[in-house]
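Per-entry structural report
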Amino acid sequence: MVSCVYVESEVRQYPRTLQIIKQLKSTPLIEIEHYGEVFNPRAQNFRLQKSNPGLIIARKHKGQVLKTPKSYGIGGYHNYYFSHMLNCLYDCRYCFLQGMYRSAHQLVFVNYEDFAAEISQIATRYDPEPVWFFSGYDCDSLANDPLTRFVEYFVPVFAELGNSWMELRTKSTQVRQLLKLEPCSRVVTAFSFTDQYSHRKLEHGVASIKKRLDAMQALVEAGWPIGLRLDPIIYHSNYQSEFVQLLQQIFSVIDATALHSVSLGAFRLPKDNYKQVHRLYPDEPLFAQNLTLDKDIISYPLTLEQEMISFCEQKLLQWIPPEIYFPCNWHD
Amino acid sequence: MLVWVVALHCEAKPVIDYYGLKKSASHHAFDVYLKDNMHCIISGIGKTATAAATAWIAGLNRHKHPIAWINLGTAGSSAHSMGAAVSIFKISDSDSNRNFYPVPIFDSGLEPAHCHTLGKPSIDYHPHQIFDMEASAFFEVATRFSSAELVQCLKIISDTPAQQTGHDKARISELINRHIVELAGFAQSLGNLANQVGRLEIGESNWEKILSCAHFTQTQQSRLGKSLRFLLSQPGQTDALIAELADLKSAELIIAHLENLCHRQTLAL
């Protein structure tokens, strides 16, 4: 599962650390002073490390909760994100995380209490206005849940904060812990999908579309709100027919009335992330496509992107009401 | 390209014999044994010597990218038995107090160990660390030339509180030779990793051939490189592609042609 475990001395005896180490008992353990010693050095190859990453257990000292970028949100006015973990179990070729950090090691911050305190402070500041907290920005919210027990800790935190909403964004099927808890109407588990062809080509390690839909349906039946994130839409010669098939597959399982929100966006990467990812994966067809730079974002040429979004939006709105649709407006 | 950085001849002997490396007559700053894509450099004992040897051989091989590195040597330990082979996961330097972390990218089957690099010999054994005199300098310098995944340290325990090999050269060679098959397996795995990285580069001779087709500005070279790295990574492209480009007389035509090829190929991802 992981090549080795690096543990900051400061958190070595934390109960959460001991529980994680116990689960990884046969994995070599290396004590470190600060996660930056392992995570930050320049001379690292993300692509090589991704084949067999390690796990770093650390404490996040500041900046536990940050404001989201302007275009990131699903209708809320106050939007924040928090990352208990950096880097993802999965290896999706379009993901900005590939170009974000030098290391592919999975870094988990075990001082959940500090995150919760800051979330609570922010929620109180805006009370009674609703505040959104997005948890899947720097990792998959649920993929490592059996190890990190993120859901077990944070869902009850949000259940107590009456004006706070949490999005769990995931491509995982790890919903077991959610199914054990009392559903909270302000915790939305949002599942990301690309079409079958893109999934096969670009989403390494991700569960099948069918398995993710089964997990979604299990949450619906247990009373949890769910979301759909059709992002990114990837251009290929059959993207239109594949997108239609994807929608048919989704809505053959999921009743549209069970959806809290749906978002849609075309493939895009911040310029610096793109440069880094392209350097790591020069052989990847996705990055050799006709892409352009606009406002520091690499994406499809505007006319192509507009054509893709227009087509996909039109097909999507045949299944869902417009009130729950949130397009990604990164050009604004 | 794989480079062994070894302090002493007696430590290098098993590697030299196993691979049939020949001593270079043209290199004089350090003794270098080589064959095909493998070098073994005898640095001498200590951090300064190791740093110098590592940097020197990196410069010598600056066109052979990427380089995979192995620092092989003996070490002292109170936590391991005489002759045990370990792979280093953490290196601490006694003078600077800095720590370095070789990346365990594949399962070598060797026991992991924390290596403390000293500035001078010592018999003060630490219960959880092994001691050497080269690893920190080797790692710090080698990672200027290669990513950490390709820079590894392997040590054979030659001194324990109960028993010291000291300067017994034959004994040192014998202790290392016991593990030569494992060491060769490790080197093979590391070499394969380096090849994975190398396959993504444009070979120097191909790059020179294409650059000679027209005059390219720095910006154009960057665009050229981007398209070429993709196209040359696809099977069966190289010779036909280079032949096509020879007929196009300007940098912009060449770049436009290559970008068009990329766009056509990527319609199917």
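A brief report on the enclosed structure follows. In every chain, residue numbers begin from 1 and rise along the written sequence. For this description, chains carry letters from A and ligands carry numbers from 1, given in the order in which they are written. For a predicted model such as this one, the threshold for reporting local features is a pLDDT of at least 70, and the threshold for listing and counting side-chain atom pairs is 80 or more; totals across whole chains, interfaces and linings nevertheless cover every residue. Processing note: side-chain calculations cover all non-hydrogen atoms of the structure and skip hydrogens and water entirely.

**Considerations on the overall build of chain A**
Along its length, chain A carries 13 helices and 18 strands. Radius of gyration: C-alpha atoms only; globule rule: 2.2 Å multiplied by the number of residues to the exponent 0.38. Relative to the compact-globule value of 20 Å for 332 residues, chain A shows a C-alpha radius of gyration of 20 Å, a close match. Considering only C-alpha atoms, chain A reaches an extent of 55 × 45 × 35 Å along its principal axes. For chain A, with 332 residues in total, the buried portion stands at 59%. Any two residues whose heavy atoms approach within 4.5 Å are treated as being in contact. Counted over contacts in chain A with a minimum sequence separation of 6, partners at least 24 positions apart contribute 76%. In DSSP terms, a helix is any run of H or I states spanning at least four residues, a strand is any run of E spanning at least two, and both are numbered starting from the N terminus. Note on classification: 1.4 Å probe, protein chains only; a residue is buried when its accessible area is under 20% of the maximum for its type, exposed when over 50%, partly exposed between these limits.

**Details of the interface of chain A and chain B**
Of the residues lining the interface, 38 residues belong to chain A; the matching set on chain B comes to 31 residues. Two parts placed together each lose some accessible area under a 1.4 Å probe, and the buried area is that loss summed for both. Between chain A and chain B, the buried area comes to about 2,600 Å², and carbon and sulfur atoms account for 66% of it. Together, Ala43, Leu48 and Pro282 of chain A form the three largest contributors to the area buried by chain A at its contact with chain B, with a combined 21%. Any carboxyl oxygen of Asp or Glu that lies within 4 Å of a side-chain nitrogen of Lys or Arg is treated as forming a salt bridge with it. Counting across the interface, chain A meets chain B through 0 salt bridges. Any pair of N or O atoms that falls within 3.5 Å is considered a polar contact. Within protein, one atom must be able to donate a hydrogen and the other to accept it, and sequence-neighbouring residues count only if both atoms are side-chain atoms. Here chain A and chain B share 8 residue pairs in polar contact (both at pLDDT 80 or more) between them. Partitioned by chemical class, the residues of the side of chain A that touches chain B number 19 nonpolar, 13 polar and 6 charged. Each residue is assigned to one class: nonpolar for Ala, Val, Leu, Ile, Met, Phe, Trp, Tyr, Cys and Pro, charged for Asp, Glu, Lys and Arg, and polar for all the others, Gly among them.

**Focus on the pattern of salt bridges**
All names here are of chain A. Under the defined criterion, the tally for this structure stands at 23 salt bridges over all chains. Notably, a salt bridge pairs Glu31 with Arg12, separated by 3.7 Å at the nearest N-O pair. Residue Glu31 is found in strand β2 (residues 29-32), and its partner Arg12 is found in the loop between β1 (5-8) and α1 (15-23); the two are separated by 19 residues along the sequence. Salt-bridge contacts for Asp214 lead to Lys210; the nearest nitrogen and oxygen are separated by 2.9 Å. In this pair, Asp214 and Lys210 both sit in helix α9 (residues 209-222), 4 residues apart, roughly one turn of the helix. Salt bridges sharing partners connect three or more residues here, namely Glu10, Arg59 and Asp114.

**Describing the sheet that holds strand β13 (residues 226-233) of chain A**
Paired through backbone hydrogen bonds, the strands of a sheet run either parallel or antiparallel to each other. All names here are of chain A. Strand pairing is assigned whenever DSSP identifies at least 2 bridges connecting the two strands. Pairing in this open sheet of 8 strands is mixed, and the strands run β4-β5-β9-β10-β11-β13-β14-β18 from one edge to the other. The outermost strands of the open sheet, each flanked by one partner alone, are β4 (65-67) and β18 (325-327). Neighbour-to-neighbour, the strand axes of the sheet open up by a mean angle of 25°, direction not taken into account. Bridge count for β13 against strand β14 (residues 259-266) is 6 bridges, and the pairing is parallel. Looking at the pairing, Ile226 lines up with Leu259 of β14. Helix α10 (residues 239-251) rests against β13 and β14 of the sheet, and its axis sits at about 170° to β13. For helices, the fitted axis covers only the stretch in contact; all axes are lines through C-alpha atoms, and the angles between them, taken along N-to-C directions, range from 0 to 180 degrees.

**Thoughts on unusual backbone geometry**
A cis amide bond links Asp127 of chain A to the next residue, Pro128 of chain A, at an omega of 10°. With respect to the helices and strands, Pro128 of chain A occurs in the loop between α4 (112-126) and β9 (131-134). The omega torsion across Asp231 of chain A and Pro232 of chain A is 5°, close enough to zero to call that bond cis. For Pro232 of chain A, the location among the structural elements is in strand β13. Here the phi dihedral of Asp36 of chain B falls at roughly 50°; this positive angle occurs in a residue that is not glycine. Mapped onto the elements of the fold, Asp36 of chain B is located in the loop between β3 (31-35) and β4 (38-42). You can call Asp36 of chain B exposed: its relative accessible area is 69%. Of note, Asn97 of chain B is a non-glycine position whose phi angle comes to about 60°, a positive value. Looking at the secondary structure, you find Asn97 of chain B in the loop between β6 (85-93) and β7 (99-100). Judged by relative accessible area, Asn97 of chain B falls into the exposed class, the value being 62%.

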